[in-house]
Amino acid sequence: MLIGKKHFLTVGALALAMAAGSAMAQQKSVAVTAIVEHPALDSVRDGVKEALKQAGYDANKNLKWQYQSAQGNTGTAAQIARKFVGDKPDAIVAIATPSAQAVVAATKDVPVVYSAVTDPVAAQLVPSMGASGTNVTGVSDLLALDKQIELIKKVVPDAKRVGMVYNPGEANSVVVVKQLQELLPKSGMTLVEAAAPRTVDVASAARSLIGKVDVIYTNTDNNVVSAYEALVKVGNDAKIPLIASDTDSVKRGAIAALGINYRDLGVQTGKIVVRILKGEKPGAIPSETSTKLELYVNPGAAAKQGVTLPEALVKSAAQVIK
């Protein structure tokens, strides 16, 4: 009986060791970084985590999950990038252009999946939207600006001067500014720019537009979105309508936005990460975009900013903020 018991214990210990070894072999590591925390980027992060869990990669079981925000500081973004590269995860997810640029600059080997980057080619993350042949792929949140201009005209039909507060150091925003400079004159409008290199500059940049613009349009500029309440105060006080491209900004006081559901964008990004965890090379996966747009409107914000939303526009919205 004693010999049998010893044999049983040995077999049991061996089985446990094999199971532990198998679990270690199956465990994957994903590091996620974002340039700043605000509702849209947080939704991307949560969507990535959701997609991983749906595919069987659970942070409480077989997935090492790391997340760090650079709190709006590009120097911090570079530090986080270097740390994550040193950790040698199976994939790094970089949310928003500055973080993606920092990570791509830090490694040519660790798989990188960018997300919420408007123009990854202009940001020099990938050579084209096709398979890059490098260690980088991802999902762009590029919006068709002609549809944004249509929305501006629906909300403020007589608008001639469109203001835009943006960070000239963010590649995404520079691309949008250049495109609007070309597109707006075709619709009888001009662009009036106001630079906000830091989050604390957003309010003063917005105030500089008072008396110079008929409407303010905001893209997904991270400085602006992070300080959107400051922009809303200026819009409300000066009766300047605010139109956004980030739907979460409508909940915070913009009149309307035709934009991407960033949770869905995160899930889309997470599915690419899953493909990499299962063995695909990032360089063989073409970059993707999201074509699913949602209209959010806020009639209360419209009243505060001096306009009345057309009934047809309100009825066509995916969500009406009360």
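The chain carries the name ABC transporter substrate-binding protein in an unreviewed UniProt entry, which gives Bordetella genomosp. 12 as its organism.

S.K.: I tried to follow the sheet that holds strand S3 (residues 91–95) on my own but got confused; where do I start?
M.R.: The pairing of strands in a sheet comes from backbone hydrogen bonds and takes either a parallel or an antiparallel form. Pairing in this open sheet of six strands is parallel, and the strands run S2-S1-S3-S4-S5-S11 from one edge to the other. Two strands lie at the open edges of the sheet, namely strand S2 (63–69) and strand S11 (288–289), each paired on one side alone. Across the sheet, helix H2 (residues 39–54) touches strand S1 (28–34), S2, S3 and strand S4 (112–117), and the angle it forms with S2 is around 175°.

S.K.: Even after reading the chapter, I still don't get the packing of aromatic side chains, so can you show me in this structure?
M.R.: By the definition in use, this model includes zero aromatic pairs. The aromatic ring of Tyr67 is capped on one face by Arg45, whose charged end is 4.8 Å from the ring centroid.

S.K.: Where do I start with the domain arrangement of the chain in this structure?
M.R.: It is common to report an interface's size as the accessible area lost on association of the parts. Domain boundaries assigned for the chain yield domain 1 (28–142 + 261–292) and domain 2 (145–259 + 294–320). When domain 1 packs against domain 2, the two sides together hide about 1,300 Å² of surface, and 52% of this comes from carbon and sulfur. On inspection of domain 1 and its partner domain 2, the count reaches zero salt bridges. Mapped by element, the contributors of at least two residues to the side of domain 1 that touches domain 2 are H2, helix H4 (97–106) and S4. With four residues, the single largest contributor to the side of domain 1 that touches domain 2 is H2. Across the side of domain 1 that touches domain 2, the residue classes tally to twelve nonpolar, six polar and three charged.

S.K.: I keep staring at the side chain of Ser245 and nothing clicks. Help me out?
M.R.: In this structure, Ser245 sits in the loop between strand S9 (242–244) and helix H10 (248–251). In this view, Ser245 contacts Leu143, Gln148, Tyr217, Thr218, Asn219, Thr220, Ala257, Leu258, Gly259 and Ile260; residues no more than four positions away in its chain are not counted.

S.K.: Help me out: how do you make sense of the nonpolar core in this one?
M.R.: Note on soluble globular proteins: their nonpolar side chains tend to be buried together. Core analysis: the largest hydrophobic core is formed by 51 residues, its most contacted members being Val30, Leu52, Ile95 and Val273. Top contributing element to this core by residue count: helix H11 (residues 262–277), with seven residues. Not counting the four nearest positions on each side in its chain, Val30 is found in contact with Leu52, Leu63, Lys64, Trp65, Gln66, Ala91, Val93, Val273 and Leu277. Val176, Leu180, Ala256 and Leu258 belong to the second-largest nonpolar core, a separate cluster that totals 30 residues.

Criteria and thresholds
- Residues numbered from 1 in each chain as written.
- Predicted model: local features only at pLDDT ≥ 70, side-chain atom pairs only at ≥ 80, totals over all residues.
- Heavy atoms only, no water.
- Pairing = 2+ DSSP bridges.
- Helix = DSSP H or I, 4+ residues; strand = E, 2+ residues; numbered from the N terminus.
- Contact = heavy atoms within 4.5 Å.
- Axes fitted to C-alpha atoms, helices over the stretch in contact; angles between N-to-C directions.
- Phe/Tyr/Trp six-rings, centres within 6.5 Å; stacked < 30°, edge-to-face > 60°.
- Lys NZ or Arg CZ within 6 Å of the ring centre and 35° of its normal.
- Domains from an automatic or database assignment.
- Buried area = accessible area lost by both parts, 1.4 Å probe.
- Salt bridge = Lys/Arg side-chain N within 4 Å of Asp/Glu carboxyl O.
- Nonpolar A, V, L, I, M, F, W, Y, C, P; charged D, E, K, R; others polar.
- Core = buried A, V, L, I, M, F, W, Y, C linked by side-chain atoms within 4.5 Å.
- Buried < 20%, exposed > 50% of the residue type's maximum accessible area, 1.4 Å probe, protein only.

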